Amino acid sequence: MSKKSKQYRAFKFEKNKLYSVEEALRLFVQHKTAKFDESIDVAVSLGVDTQQSNQQVRGVVALPHGLAKPVRVIVFAKGEQEQKAKEVQADAVGSEDLVQKIKDGWLEFDRVIATPDQMSVVSKVAPILGPRGLMPNPKLGTVTTDVAKAVTSEKKGKASFRAGQSGKIGLVHSSIGRRSLGVEKLKDNYQAFMGELTRLKPASSKGLYVRQVSLSSTMGPSLTIDTSESLTK
């Protein structure tokens, strides 16, 4: 029997059961399936067609308890904003020098923040950052004139998400924290995430919007959530 099969057997769950959010999270917290602090992830099937420009679903939400993992943030800024970014311990701050480092293959960061005047500089590495989902975007709060606030927020931990298309449904995946946060904090993060996702429902989306929700851990199974209560409890 493989190691993963043994882990699944030890994790006592019912394949076809609809779990409450708290019940599912309690199982993940109580049943350790890896030696490291596993990520707890949410996957949501949406009734949208993201191939339509008016049904795009993309957003970011500051999680109440963060992600419980280090987030490496770099900042493209000069002058006063550069100094402020350093004061809040951005992992790297610069301009053309950062562009060169990235062109040379350096990608040891998780978030990129830029002041508006630096976007022409950042565009030089857009082909590298874009496919990795790292390009600064004003809608996500990563193009800003308040870099100190942005760095602090990103380091605490945000859930960024974008619906991709699979057949006739849109799929959203995101982490809501680490196992070590515990049930109540993970539940708070989950509700914040789902609240924002629900708020972003496109006006052109007809019928059932949230079709299915599941929670999983890095090495554990995927548990289907009872959506009739998942947004209210």
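Placed above this text is the structure.
Residues numbered from 1 in each chain as written. Predicted model: local features only at pLDDT ≥ 70, side-chain atom pairs only at ≥ 80, totals over all residues. Heavy atoms only, no water.

K.L.:
Just give me the short version of unusual backbone geometry, but keep the residues and values in it.
P.N.:
Of note in this structure, A68 is not a glycine but carries a positive phi near 60°. Structurally, the position occupied by A68 is in the loop between β2 (58-62) and β3 (73-76). (Helix = DSSP H or I, 4+ residues; strand = E, 2+ residues; numbered from the N terminus.)

K.L.:
Provide a residue-level description of the packing of aromatic side chains, including the pertinent values.
P.N.:
Scanning the model with the defined rule gives two aromatic pairs in all. Considering the side-chain rings of W106 and F109, the 5.1 Å spacing of their centres and the 55° angle between planes classify their relative orientation as tilted. Residue W106 is classed as buried on the basis of its relative accessible area, which comes to 18%. We classify F109 as buried; its relative accessible area is 4%. The ring of W106 carries K101 above its face, with NZ or CZ at 3.9 Å from the centroid. (Phe/Tyr/Trp six-rings, centres within 6.5 Å; stacked < 30°, edge-to-face > 60°. Buried < 20%, exposed > 50% of the residue type's maximum accessible area, 1.4 Å probe, protein only. Lys NZ or Arg CZ within 6 Å of the ring centre and 35° of its normal.)

K.L.:
Give a detailed account of the sheet that holds strand β5 (residues 111-114), specifying residues and quantitative values.
P.N.:
Strands sit in the order β4-β3-β5 across an open sheet of three strands; the sheet is parallel. The open sheet has two edge strands, β4 (92-94) and β5, and neither has a second partner. Averaged over neighbouring strand pairs, the angle between their axes works out to 15° when direction is ignored. Looking at chain direction, β3 and β4 are connected through three bridges and run parallel. Looking at the pairing, F76 lines up with G94 of β4. (Pairing = 2+ DSSP bridges. Axes fitted to C-alpha atoms, helices over the stretch in contact; angles between N-to-C directions.)

K.L.:
If you had to explain the sheet that holds strand β9 (residues 210-217) to someone new, which residues and values would you point to?
P.N.:
Reading across the sheet, the five strands line up as β7-β8-β1-β9-β10 and stay open at both edges, with antiparallel pairing between neighbours. Among the strands making up the open sheet, the edge pair consists of β7 (164-166) and β10 (222-225). Averaged over all adjacent pairs, the angle separating strand axes in this sheet is 30°, with direction ignored. Relative to β9, strand β1 (residues 39-46) runs antiparallel, the two sharing seven bridges. The residue of β9 that forms the bridge with L46 is V210. Sheet contacts for helix α2 (residues 21-30): β1, β8 (169-178), β9 and β10; angle to β9, the most-contacted strand, approximately 20°. (Contact = heavy atoms within 4.5 Å.)

K.L.:
Go over the pairing of β3 with me, naming the residues and quoting the values.
P.N.:
What you see with β3 is no split at all: V73 and V75 on one side and I74 and F76 on the other are buried throughout. The sheet contact formed by β3 and β5 spans four bridges and is parallel. Each bridged residue has a counterpart across the sheet, and for V73 the counterpart in β5 is R111. Between β3 and its parallel partner β4, the chain crosses via helix α3 (residues 79-87), and the hand of that crossover is right-handed. (Right-handed = clockwise from strand over helix to strand, strands pointing away.)

Read these as spatial facts, not as claims about activity.
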